[in-house]
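# A structural walkthrough
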Amino acid sequence: MLLLIPGPVTTRPEVRDALTRDIAPWDNDFRVFMARLLSRIQCLAGGNDSEHVTLPLQGCGHFVTEAALRTFLPPGGRILIPETGAYGNRMIRLAREAGRVAVPLPVGLGTRTDPSAIARALSEDPSLSHVGLVYSETGSGIVHDVGAGGAAVRSAGRRIIVDAVSAFGALPLDLSAMPEVDAAVFTANKCLESLPGIGFAVARIDRLPACEGNAGSWSFDLANIYSTALRDGPGSFRFTPPAQILAALDVALDFLEAEGQGARLARYTANMRTLYDGVAELDLTPWLPASVQGPVIVNVHAPDDPAWNLRAFVDSLKSRGFLISNFFTTPTPTFRVGCIGAITPADMAGAVRAIDAALREIGVTHREAILA
């Protein structure tokens, strides 16, 4: 079964094999291992030891995103968040429920965030200390330009939190060139091609000491994670970590280093193009125009046919060895297919054939899009 979702993704057997041995996370050897793993991740983010630290947090991307918002903004702090789609909206909700003031910046779901709009909003509201930007918006499939957005933030003398959850490991990120970034957050189970259960923030060291206590949550306090590591030594955890998941991630990073980040992005892009062009040849309509379609996930308009049923379609695909999401996050009905993980363009060509067969099986004969 291939997981064609934006995470968790299909993984290599060697990555899954790393889960099979018992590991004691408080053992000194594990701390040495963990310190090395965190250093590898920091290097991948373009961080350096004098300015950045990699902070692990058990849980999903939602957790580490909330932790960054709670840590780097004090209660009542104001943050500009472009409304990029489902995950931009999630960041807005997380900020508000944490007692921060989220100021939405309207963005069309089929367009990239305009850096000049960020600059204008910051100029008009000097009380905004931060911007929160989703790098790869898996609600739609579009990729936003965090480099240009960060430059606008830097010019305004403000700070930015980057949600790189479905971007990190494939899309470029160089924090050494982005001093305005308080933290870039991501997880192990997407473009790193490992398994769920652990998130990370690569954060500015100089920003952390003054932030301890902001979070209002011991669990979600990244500054406390940092101060605990200073006290207990590199590779230490405050609470029991998912040790086997971390061992699997270490193996996954070996594969990433062997492949190369640029080559991984090229493979994902080829996966996306095979799928995008393939569904168009089936008379289906991709949700995004090709000019802004990102490499992580493709949304496809649901057919305007009374026989269309997303759950039935998903089950039919599953019987053919391809599992996709059984829900959609776009304003109009779609189905979405992930292009990341340990998969190839040949796998995506097989998925296109399976999509065709599944539509026939559930009785869809009219494949033009539901557009409203």
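Each remark here, short or long, concerns the structure printed above.
Throughout what follows, the structure given in this document is the object of discussion.

About the thresholds
Residues numbered from 1 in each chain as written. Predicted model: local features only at pLDDT ≥ 70, side-chain atom pairs only at ≥ 80, totals over all residues. Heavy atoms only, no water. Salt bridge = Lys/Arg side-chain N within 4 Å of Asp/Glu carboxyl O. Helix = DSSP H or I, 4+ residues; strand = E, 2+ residues; numbered from the N terminus. Buried < 20%, exposed > 50% of the residue type's maximum accessible area, 1.4 Å probe, protein only. Pairing = 2+ DSSP bridges. Axes fitted to C-alpha atoms, helices over the stretch in contact; angles between N-to-C directions. Contact = heavy atoms within 4.5 Å. 1 Å grid on protein atoms, 1.4 Å probe; cavity = no way out; pocket = protein on both sides within 12 Å on 5 of 7 lines; lining within 4 Å. Points joined across faces, edges and corners; volume = space filled by probe spheres on them. Nonpolar A, V, L, I, M, F, W, Y, C, P; charged D, E, K, R; others polar. Expected span 1.5 Å × (residues − 1). Arc of directions from axis to C-beta.

## Points about the pattern of salt bridges
Throughout the structure, instances matching the rule amount to 22 salt bridges. E257 is the partner of R40 in a salt bridge, and the nearest nitrogen-oxygen pair spans 3.1 Å. Here the residue R40 occupies a position in helix 2 (residues 28-44), and E257 occupies one in helix 8 (residues 243-259), the gap between them amounting to 217 residues. Relative accessible area serves as the criterion here: at 14%, R40 is assigned to the buried category. Taking relative accessible area as the criterion, E257 reaches 54% and is therefore assigned exposed. Among the ionic pairs, E180 bridges to R154, the shortest N-O distance being 2.7 Å. Of this pair, E180 sits in the loop between strand 8 (159-163) and strand 9 (181-187) while R154 sits in helix 6 (residues 146-155), placing them 26 residues apart in sequence. Its relative accessible area of 2% is what places E180 among the buried residues. One salt-bridge network, in which partners are shared between bridges, spans R12, E193, E259, R264 and R267.

## Re unusual backbone geometry
With an omega of -5°, the peptide bond between G7 and P8 qualifies as cis. With respect to the helices and strands, P8 occurs in the loop between strand 1 (2-3) and helix 1 (13-17).

## Re the sheet that holds strand 3 (residues 78-83)
Across the sheet, seven strands lie side by side as 2-10-9-8-5-3-4; this open sheet has mixed pairing. The open sheet has two free edges, formed respectively by strand 2 (52-58) and strand 4 (101-106), since each of these has just one partner strand. Taken over all neighbouring pairs, the strand axes of this sheet differ in orientation by 20° on average, direction set aside. The sheet contact formed by strand 2 and strand 10 (residues 198-204) spans seven bridges and is antiparallel. Each residue of the ladder has a partner; that of L55, found in strand 10, is A201. Helix-sheet contacts for helix 3 (residues 61-72) involve strand 2, strand 3, strand 5 (130-134), strand 8, strand 9 and strand 10, and the interaxial angle to strand 9 is about 165°.

## Brief notes about empty space enclosed by the protein
Inspection of the entire model under this criterion finds two cavities of 30 Å³ or more. Space inside the largest cavity adds up to approximately 60 Å³. Together, P56, Q58, I225, T228, S236, F237, R238 and F239 line the largest cavity. Elements supplying a minimum of two residues to the lining of the largest cavity: strand 2 and helix 7 (222-232). Class assignment of the residues belonging to the lining of the largest cavity gives a composition of four nonpolar, three polar and one charged. Of the volumes computed, that of the second largest cavity is approximately 30 Å³. As for the second largest cavity, its lining consists of T84, G85, A86, L109, G139, S140, W287, T329 and T330. Each residue belonging to the lining of the second largest cavity can be placed in one class, and the counts come to three nonpolar, six polar and no charged.

## As for helix 4 (residues 86-97)
Across its twelve residues, helix 4 extends 16 Å between first and last C-alpha, which sits within 8% of the 16 Å expected from 1.5 Å per residue. Regarding helix 4, the residues found buried are G88, M91, I92, L94 and A95. Summarising the axial view, the buried residues of helix 4 lie within an arc of 165°, below the 170-degree limit, and thus occupy one face. Counted as exposed and oriented over 90 degrees from the buried face of helix 4: R93 and E97. In this fold, the buried residues of helix 4 make contact with helix 3, strand 3, strand 4, strand 5, strand 6 (136-137) and strand 8. Just beyond helix 4, the residue with positive phi is G99, at close to 85°.

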